[in-house]
Each structure stands twice: as structure tokens, then as C-alpha cells.
Amino acid sequence: MHIDALKTLVMDALEELKARDIVQLDVSRLTSVTELMVVASGTSNRHLAALAENLIRTAKDNGMPPLGVEGESGAEWVLVDLGDVVVHLMMPETRDLYDLERLWADLPSEGREPLEEEANGTS
């Protein structure tokens, strides 16, 4: 599935169940692991679980089953890995604590090779 179609699928699934504060982070210049990170909040643990379940079902129904899902049992932070798009569903307190948006925004990106290559000493 093309990245734009996958992004639309993710955004539609999250908006359908009223995810809050949805942010898209283009991390393609920072890592070779994924192209886009989406961070969104839920209003309760039940809401997070419903958001994750809806996203997973929608992805599967469109021939794009997740490569992995983490955190479903605790529902403070659920990660859904769709390959080119990784989705972080978080409670507002957890989101504030880890502040993924700032973490990824603070990494320099201009003229740099992906971080994975740097870690392997190939840059």
C-alpha cells in the first residue's frame, strides 16, 4: 500500500473514534525504520483500546495487517506498527511524560544520514 493511502487509512480510523491531538511526524530523514509516526491521545484506557482495535481491524480489512502491536493490555500507550507508519496511541499524561513530538523534532535532520546507519558506523 502506498504511504499516502496508508496515512489516510490511519487518520480515518483514528478520527472515526475521535482520537485527540493527532500529530503526524515525518521521520523519513531521521530513520530507515519507518516513514511516518502518528501520535494521538485517548480520553481513557477504554478509549485507547477502542482506537487501537479500530485501527488494527481497519488495517486488516484493507490488506495491511500490523507488523506488531504492543501495550494493548495496559492501554496507557499502545503502539501499532504498520511498517511505513507507526502509530503511538497514548493517554495524555503518558504522552506528556515521553514527549515524542519534541524528542523527534529535536533531532537534527538537515543533511544527515538515517540514524540506523550512524549506529552501524556506515555514515
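Computed from a predicted model, the values in this text were never measured in an experiment.

How each quantity is defined
Residues numbered from 1 in each chain as written. Predicted model: local features only at pLDDT ≥ 70, side-chain atom pairs only at ≥ 80, totals over all residues. Heavy atoms only, no water. Helix = DSSP H or I, 4+ residues; strand = E, 2+ residues; numbered from the N terminus. Buried < 20%, exposed > 50% of the residue type's maximum accessible area, 1.4 Å probe, protein only. Contact = heavy atoms within 4.5 Å. Areas by Shrake-Rupley, 256 points an atom, 1.4 Å probe, with all protein chains shown as cover. Phe/Tyr/Trp six-rings, centres within 6.5 Å; stacked < 30°, edge-to-face > 60°. Core = buried A, V, L, I, M, F, W, Y, C linked by side-chain atoms within 4.5 Å. Axes fitted to C-alpha atoms, helices over the stretch in contact; angles between N-to-C directions. Parallel < 35°, antiparallel > 145°, perpendicular 65-115°, else oblique. Left-handed = near helix turned anticlockwise from the far one by under 90°. Nonpolar A, V, L, I, M, F, W, Y, C, P; charged D, E, K, R; others polar. Salt bridge = Lys/Arg side-chain N within 4 Å of Asp/Glu carboxyl O.

## Thoughts on the overall build of the protein
In step 1: Summing up its helical and strand segments, the protein has five helices and five strands in all.
In step 2: Reading the helices (α) and strands (β) of the protein from amino to carboxyl end gives α-β-β-α-β-β-β-α-α-α.
In step 3: Looking at the protein residue by residue over its 123 residues, the buried ones come to 39%.
In step 4: Residue pairs at least 24 apart in sequence account for 56% of intrachain contacts in the protein once pairs closer than 6 positions are excluded.
In step 5: For the protein, the exposed surface amounts to about 7,000 Å²; the carbon and sulfur share of it is 48%.

## A word on the environment of leucine 82
In step 1: Relative to the elements of secondary structure, leucine 82 occurs in the loop between β4 (77-81) and β5 (85-90).
In step 2: Along the chain, leucine 82 and alanine 59 lie 23 residues apart, while their C-alpha atoms are 8.2 Å from each other.
In step 3: The residues contacting leucine 82, other than those within four sequence positions of it, are Leu6, Val10, Leu55, Ala59, Met64, Pro66 and Leu67.

## A look at the packing of aromatic side chains
In step 1: Using the criterion set out here, one finds one aromatic pair in the structure.
In step 2: Centre to centre, the rings of tryptophan 77 and tyrosine 98 are 4.9 Å apart; their planes meet at 50°, and the pair counts as tilted. With tryptophan 77 in strand β4 and tyrosine 98 in helix α3 (residues 92-98), this residue pair connects regions lying 21 residues apart in the sequence.
In step 3: Assessed through its relative accessible area of 27%, tryptophan 77 is described here as partly exposed.
In step 4: The class of tyrosine 98 is partly exposed, set by a relative accessible area of 45%.

## Comments concerning the nonpolar core
In step 1: Residues Val10, Leu14, Val38, Leu55, Val87 and Leu89 are the most contacted members of the largest nonpolar core, which totals 24 residues.
In step 2: Elements represented by at least two residues in this core include exactly α1 (3-16), β2 (36-41), α2 (45-61), β4 and β5.
In step 3: Excluding residues that lie within four positions of it along the chain, leucine 55 makes contacts with Leu9, Val10, Ala13, Val80, Leu82 and Val87.
In step 4: Val39, Val86, Leu100 and Trp104 belong to the second-largest nonpolar core, a separate cluster that totals nine residues.

## Here we look at the packing of α1 against α2
In step 1: One way to put it is that α1 packs onto α2 with a least axis distance of 9 Å and a crossing angle of 140°. Comparing their axes, α2 and α1 come out oblique. In terms of crossing hand, the pair formed by α1 and α2 is right-handed. Residue-level contacts link Leu9, Val10, Ala13, Leu14 and Glu16 of α1 to Leu51, Asn54, Leu55, Thr58 and Ala59 of α2.
In step 2: By residue class, the composition of the contact of α1 with α2 is seven nonpolar, two polar and one charged.

## Quick look at the pattern of salt bridges
In step 1: Tallied over the entire structure, the rule returns two salt bridges.
In step 2: Where glutamate 101 meets arginine 95, a salt bridge forms, and the shortest distance between an N and an O atom there is 2.4 Å. Pair check on accessibility: glutamate 101 and arginine 95 agree, each one buried.
In step 3: Arginine 102 is the salt-bridge partner of aspartate 99, the closest N and O atoms lying 3.1 Å from each other.
In step 4: Residue class for arginine 102 comes out partly exposed when judged on its relative accessible area of 49%.

Note that every value here comes from positions in space, so none of it alone points to a role or purpose.
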